[in-house]
Protein chains: 2
Amino acid sequence: MAAQDLTMTSLTNDFRKSLRLCAASVSLVTARDETGGWHGMAVTSSGSLSMEPPSMMVAINRTASIHPVILRTGRFALNLMGEDRRDLLERFSRSDMRDQRFASGEWSDAVGGVPALRDALSTHICSVVEHHDFGSHTVFFGAVEDVILSCADSTTSPILWLNGARASVAASITD
Amino acid sequence: MAAQDLTMTSLTNDFRKSLRLCAASVSLVTARDETGGWHGMAVTSSGSLSMEPPSMMVAINRTASIHPVILRTGRFALNLMGEDRRDLLERFSRSDMRDQRFASGEWSDAVGGVPALRDALSTHICSVVEHHDFGSHTVFFGAVEDVILSCADSTTSPILWLNGARASVAASITD
């Protein structure tokens, strides 16, 4: 390998290691294709973009099966997962469980027929305003068309992802 | 108010509420201006953008004092805060403590003189490749030039932000 390649390999390895140290909430990004089929996957790459107007962003790998659906239909939902729905995490993460993704959980049609998880902590229905390809991913900027807030007990915590595994928020701060 | 204004107010209120339900790690975004001055603020709006090439993104309010510095200099660092440096959180969040931000903590010059927190869990030094204005914020896409990994005990957890307050990762998963 050339020296430059070695440097890049080291940087990439350190980058992968560093991302494991960051904790993030898990959301299920969902979309509806033109034939009415539902698509979804678990992501930690979503977050708020702007307060005015209310908008969210999500980075999605261009090889993900939901990617062309969002690109074509211009709409997606972000369902923030609470710990009480951790049973859904595996099936929305493993490609070999793709056909079981919507078999569990209560799903309803939100704006534009996008699937919304009834007991998500929150669901943002977003209309794609801009998208930007960058390297392996596309970042979708979505104007929030609707916010569905959970009716669940407000003590339910979001699922965290940390060090390549599921983690929990501690019940309280000790100092 | 017109009906449309009322709808937007309700959407904005629900959007604000929904964002409080999402937990995120806290990073200090830092930059160096042309005179050598250091700038920094606490954010929860950063995340990985692409694996190839390694790159990060961060959304920054256009009214933030660090915004024009990053725009002009084209470089920023993201210092992922571990719980052992929670003392820095307040001074990097309150505008009236701006002049005390770099008075505590061990800071060193990273690539391009950008300040890196020595005991951050990780520091990403990023060169701005693209930036996109959207509403109240600008999203900066940064190619990672260097990754500094903490030498600290790997059991240190990142600081979380949830429900408008600091939170912690639980020590273990109970099921």
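Computed from a prediction, not measured in an experiment: that's the story for all the values here. All chains use their own residue numbering, which begins from 1 and follows the written sequence. Chains carry letters from A onward and ligands carry numbers from 1 onward, assigned in written order. At least 70 in pLDDT is required for a residue's local features to be given in this predicted model, at least 80 for side-chain atom pairs to be given and counted, and no such filter applies to totals for whole chains, interfaces and linings, which use all residues. Note: side-chain values were computed over all heavy atoms of the structure, leaving out hydrogens and water.

*Asks:* Sorry, what's going on with the sheet that holds strand 10 (residues 137–149) of chain A here?
*Replies:* Sheet strands line up and pair through hydrogen bonds in the backbone, either parallel or antiparallel. Residues and elements named next belong to chain A. Strand order in this open sheet of seven strands is 3-2-6-9-10-5-4, and the pairing throughout is antiparallel. The open sheet has two edge strands, strand 3 (38–43) and strand 4 (46–50), and neither has a second partner. Averaged over neighbouring strand pairs, the angle between their axes works out to 35 degrees when direction is ignored. Two strands are said to pair when DSSP picks up at least two bridges between them. Going along the chain from the N terminus, every DSSP run of H or I of four or more residues is numbered as a helix, and every run of E of two or more is numbered as a strand. Inspection of the sheet shows strand 6 (residues 75–80) paired to strand 9 (residues 122–134) by six bridges, in the antiparallel sense. Each residue of the ladder has a partner; that of F76, found in strand 9, is C126. A fitted line through C-alpha atoms represents every axis, and for helices the fit uses only the stretch in contact; the resulting angles, taken between N-to-C directions, go from 0 to 180 degrees.

*Asks:* Mind showing me how you'd approach the sheet that holds strand 6 (residues 75–80) of chain B here?
*Replies:* Residue and element names in this part refer to chain B. Taken in spatial order, the seven strands of this open sheet run 3-2-6-9-10-5-4, and their pairing is antiparallel. On the outer flanks of this sheet lie strand 3 (38–43) and strand 4 (46–50), each paired with one strand and no other. Neighbouring strand axes in the sheet, compared pairwise and without regard to direction, differ in orientation by 35 degrees on average.

*Asks:* Please clarify how the environment of B:L162 should be interpreted in this entry.
*Replies:* Its place among the elements puts B:L162 in strand 11 (residues 160–162). Taking the C-alpha atoms as reference, B:L162 lies 7.0 Å from B:A24; in sequence the two are 138 residues apart. Should any heavy atoms of two residues lie within 4.5 Å, those residues are counted as being in contact. Non-local contacts of B:L162, meaning those with residues more than four positions away in its chain, are made with A:P158, A:V169, B:R20, B:L21, B:C22, B:A23 and B:A167.

*Asks:* What am I meant to see in the relation of the copies chain B and chain A here?
*Replies:* Our superposition of the copies is a least-squares fit, built on the C-alpha atoms of residues whose pLDDT is at least 70 in both. Note on the copies: chain B fits chain A at an RMSD of 0.0 Å, the axial shift is 0.0 Å, and the rotation between them is 180 degrees. With respect to symmetry, the two chain copies, as superposed, fit the operation of a two-fold axis. Interface residue correspondence from chain B to chain A reaches 100%, placing this contact among same-surface, isologous pairings.

*Asks:* Help me out: how do you make sense of unusual backbone geometry in this one?
*Replies:* Here the amide bond leading from A:E52 into A:P53 is cis, since omega sits at -5 degrees, within 30 degrees of zero. One non-glycine residue, B:N163, adopts positive backbone phi at about 55 degrees. Position of B:N163 among the secondary structure elements: in the loop between strand 11 and strand 12 (165–167). For B:N163, a relative accessible area of 39% puts it in the partly exposed group. Buried, partly exposed and exposed residues are distinguished by accessible area as a fraction of the type maximum, computed with a 1.4 Å probe on protein chains only: under 20%, between the cut-offs, and over 50%, respectively.

Treat this as a map of the structure, not an account of what it does.
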